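A structural walkthrough
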Amino acid sequence: MSSIGRSAVISKFDVEWAREQFPALRQTVNGQPAVFFDAPGGTQVPQRVIDAISHYLATSNANTHGAFLTSERTDEIYAGAHAAMADFFNCDPDEVVFGANMTSLTFALSRSIGRELKSGDELLVTQLDHDANVSPWVSLEERGVKVRTADIKPADCTLDMFDLQAKVRRTTRLVAVGYAANAVGTINDVAEVVRLAHGVGAMAFIDAVHYAPHGLIDVRALDCDFLACSSYKFFGPHLGILYGRREHLQRLRPYKLRACTEQLPDRWESGTQNHEGMAGVIAAVEYLADLGRHHAPEARSRRDALAAAHEVVAGYERELCARLITGLLEIPGLTFYGIKDPAKFDQRTPTVAVRIEGYTPRELAAHLGERGLFTWDGNYYAVDLAERLGVQQSGGMLRIGLAHYNTAEEVERLLSELRALPRR
Ligand SMILES: Cc1ncc(COP(=O)(O)O)c(C=O)c1O
């Protein structure tokens with residue numbers, strides 16, 4: 001293992017093995033190595049994802065179901081992508097629906113669920129969520145449906161489960177909750193939310209976009225009705241993917257073309273799909289599985305290998321994040337949003353949001369960006385949360401989002417830049 005690997009907080013995780021696979025990490029900015037702390041907005045991709053996309057376009061580019069070679073190859077990619085995501089979610093391939101992105105898939109689903117709803121029905125969303133898990137449900141208000149919002153505890157940006165429980169009622173038809181908060185990293189007890197929803201006969205929709213690069217998803221264990229994510233957040237191309245429980249995907253009526261079959265998942269996948277993107281998704285899932293096999297050669301199935309990957313990644317990210325949070329909390333004038341109690345670090349992803357007195361988040365992000373440290377500023381579409389925390393009108397927060405390809409040295413570089421900021 002190299003110096004990067006040895007000095008990394010978790011010796012078990014071979015961060016250099018991971019880093020070597022990502023060509024983007026070799027870039028420099030003003031003579032300094034680029035540091036990607038923008039993962040919650042989109043992760044970098046390993047070389048094999050780039051190769052798979054180019055290879056598809058060079059050798060297999062066609063539409064599906066034709067009686068010729070490139071179309072047959074496309075059918076294989078299509079089937080392979082559904083099988084890869086079925087392993088990723090722990091479901092069957094025909095319960096996997098591809099689309100442009102999570103937002104479009106969620107709007108398509110909400111429109112179709114809306115066909116079953118009537119005036120007086122209620123939907124429940126949360127204040128912690130990305131707007132892509134709020135607006136598609138709020139748009140159903142035009143059908144006379146009422147949307148309620150579960151509050152948060154602002155002190156640590158966790159969901160107020162008492163408030164949520166009180167708002168899950170006999171009239172609730174669907175509870176939409178995030179697996180993890182893209183703005184502040186809180187991991188929600190989604191299994192409990194599903195249990196509460198099912199207790200009143202409501203469906204549970206989980207937005208796993210932010211959680212997907214950080215933890216293993218198991219839709220069977222969660223018993224959720226729907227779960228959505230985006231492969232560009234877990235080392236793949238810009239695509240959205242939805243899991244739907246088969247009985248719902250069969251019963252609900254999507255807005256679809258007559259020419260599109262009633263088979264699953266076809267009836268939900270409108271128009272021609274992004275086939276080169278699907279080739280990239282297979283490669284992204286294979287990358288994660290190989291990461292698991294690299295650390296746990298005994299892993300047998302692809303699903304076992306994915307579980308092994310997430311186990312080692314979670315341990316590494318947690319310690320990297322602990323180092324980041326400890327350092328941030330020592331910076332004078334810094335306000336921290338989210339879980340900072342080390343005893344609760346298993347309830348957060350390595351995504352942190354802060355403000356520093358005297359600087360707007362934009363100024364901080366620009367200052368860091370010039371020095372090759374890529375962070376985000378603003379509300380990252382977590383609109384209700386930014387308003388609840390009182391930062392919406394003043395530029396939101398600075399978000400530092402770690403992924404497993406980040407290192408302790410990179411975290412230290414960020415901390416020393418922030419420590420060196422003149423007090424204002
Ligand atoms: C938690 C969360 N949900 C939903 C979305 C929207 O995903 P997409 O860009 O695939 O529509 C994002 C994107 O940032 C997100 O972070």
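Located above this text is the structure these notes cover.
Below or above, wherever it landed, is the structure these notes cover.

Rules used in this analysis
Residues numbered from 1 in each chain as written. Predicted model: local features only at pLDDT ≥ 70, side-chain atom pairs only at ≥ 80, totals over all residues. Heavy atoms only, no water. Pairing = 2+ DSSP bridges. Helix = DSSP H or I, 4+ residues; strand = E, 2+ residues; numbered from the N terminus. Axes fitted to C-alpha atoms, helices over the stretch in contact; angles between N-to-C directions. Contact = heavy atoms within 4.5 Å. Buried < 20%, exposed > 50% of the residue type's maximum accessible area, 1.4 Å probe, protein only. Phe/Tyr/Trp six-rings, centres within 6.5 Å; stacked < 30°, edge-to-face > 60°. Lys NZ or Arg CZ within 6 Å of the ring centre and 35° of its normal. Expected span 1.5 Å × (residues − 1). Core = buried A, V, L, I, M, F, W, Y, C linked by side-chain atoms within 4.5 Å. Parallel < 35°, antiparallel > 145°, perpendicular 65-115°, else oblique. Left-handed = near helix turned anticlockwise from the far one by under 90°. Nonpolar A, V, L, I, M, F, W, Y, C, P; charged D, E, K, R; others polar. Near = heavy atom within 4 Å. Polar contact = N/O pair within 3.5 Å; in protein donor to acceptor, adjacent residues only side chain to side chain. Areas by Shrake-Rupley, 256 points an atom, 1.4 Å probe, with all protein chains shown as cover. 1 Å grid on protein atoms, 1.4 Å probe; cavity = no way out; pocket = protein on both sides within 12 Å on 5 of 7 lines; lining within 4 Å. Sits in = over half its atoms within 2 Å of the grid points.

To continue, consider the sheet that holds strand β17 (residues 397-401). Ordered by their spatial adjacency, four strands build an open sheet running β13-β14-β17-β16, and the pairing between neighbours is antiparallel. Each edge of the open sheet carries a strand with a single partner, namely β13 (334-337) and β16 (376-378). Strand-to-strand twist across the sheet, computed as the mean angle between neighbouring axes with direction ignored, equals 30°. Against the sheet, helix α13 (residues 361-370) engages β14 (351-356), β16 and β17, with an angle of about 40° to β17.

As a further point, take unusual backbone geometry. Backbone phi values are negative for most residues with the exception of glycine, while trans is the configuration of most peptide bonds. For the bond from Leu264 to Pro265, the omega torsion is -5°, close enough to zero to count as cis. One non-glycine residue with positive phi stands out, namely Asn30, at about 50°. Its location among the elements puts Asn30 in the loop between β1 (28-29) and β2 (32-33). One non-glycine residue, Asp223, adopts positive backbone phi at about 65°. Note on Asp223: relative accessible area 36%, which makes it partly exposed.

Moving on, we come to the sheet that holds strand β12 (residues 240-244). The strand order across the open sheet formed by seven strands is β4-β12-β11-β10-β9-β5-β6, and the pairing between neighbours is mixed. The open sheet has two edge strands, β4 (96-99) and β6 (146-150), and neither has a second partner. Strand-to-strand twist of the sheet, defined as the mean angle between neighbouring strand axes without regard to direction, takes the value 20°. The sheet strands contacting helix α5 (residues 102-114) are β4, β9 (172-178), β10 (203-207), β11 (226-230) and β12, and the helix crosses β11 at an angle near 155°.

Moving on, we get to the packing of aromatic side chains. Note on aromatic pairs: each is described by the distance of the centres and the angle between the planes. Taken as a whole and assessed by the stated rule, the structure comprises twelve aromatic pairs. Measuring from ring centre to ring centre gives 5.3 Å for Trp137 and Phe205, while their planes differ by 65°; the resulting arrangement is edge-to-face. Of this pair, Trp137 sits in helix α6 (residues 135-138) while Phe205 sits in strand β10, and the two are 68 residues apart along the sequence. A relative accessible area of 0% means that Trp137 is categorised as buried. Seen from the ring of Tyr255, Arg115 lies directly overhead, with NZ or CZ sitting 3.8 Å from the centre. Just above the ring of Tyr380 sits the side chain of Arg399; from NZ or CZ to the centre is 4.1 Å.

With 21 residues, helix α4 (residues 69-89) ought to run about 30 Å at 1.5 Å a step, and its terminal C-alpha atoms sit 30 Å apart, in line with that. Within the sequence span of α4, burial applies to Ser71, Thr74, Ile77, Tyr78, Ala81, His82, Ala84, Met85, Ala86, Phe88 and Phe89. The positive-phi residue at the C-terminal boundary of α4 is Asn90, with phi of around 70°.

Let us now look at the nonpolar core. Formed by 120 residues in total, the largest nonpolar core has its most connected members in Met85, Phe88, Phe89, Leu227 and Leu328. Among residues more than four places away in sequence, those in contact with Leu328 are Leu334, Phe336, Val352, Val354, Ile400, Leu415 and Leu418. In this structure, Val97, Val147, Val209 and Leu252 belong to the second largest nonpolar core, which totals 26 residues.

Following both chains from N to C, one finds helix α3 (residues 47-59) and helix α11 (residues 275-295) inclined at 150°, their axes separated by 8 Å at the closest point. In terms of axis orientation, α3 runs roughly antiparallel to α11. The chirality of how α3 crosses α11 is right-handed. Between α3 and α11, the contacting residues are Arg48, Val49, Ala52, Ile53, Tyr56 and Leu57 on the first element and His275, Glu276, Ala279, Gly280, Ala283, Ala284, Glu286, Tyr287 and Asp290 on the second. Among the residues forming the contact of α3 with α11, the class breakdown is nine nonpolar, two polar and four charged.

In the neighbourhood of the ligand, the contacting residues comprise Asn101, Met102, Thr103, His130, Ala132, Asn182, Asp207, Val209, His210, Ser230, Tyr232 and Lys233. At 2.5 Å, a side-chain N or O of Thr103 approaches an oxygen atom of the ligand. For the ligand, the protein covers 90% of the area, taking 390 Å² as the surface of the free molecule. The cavity that encloses the ligand is the largest pocket.

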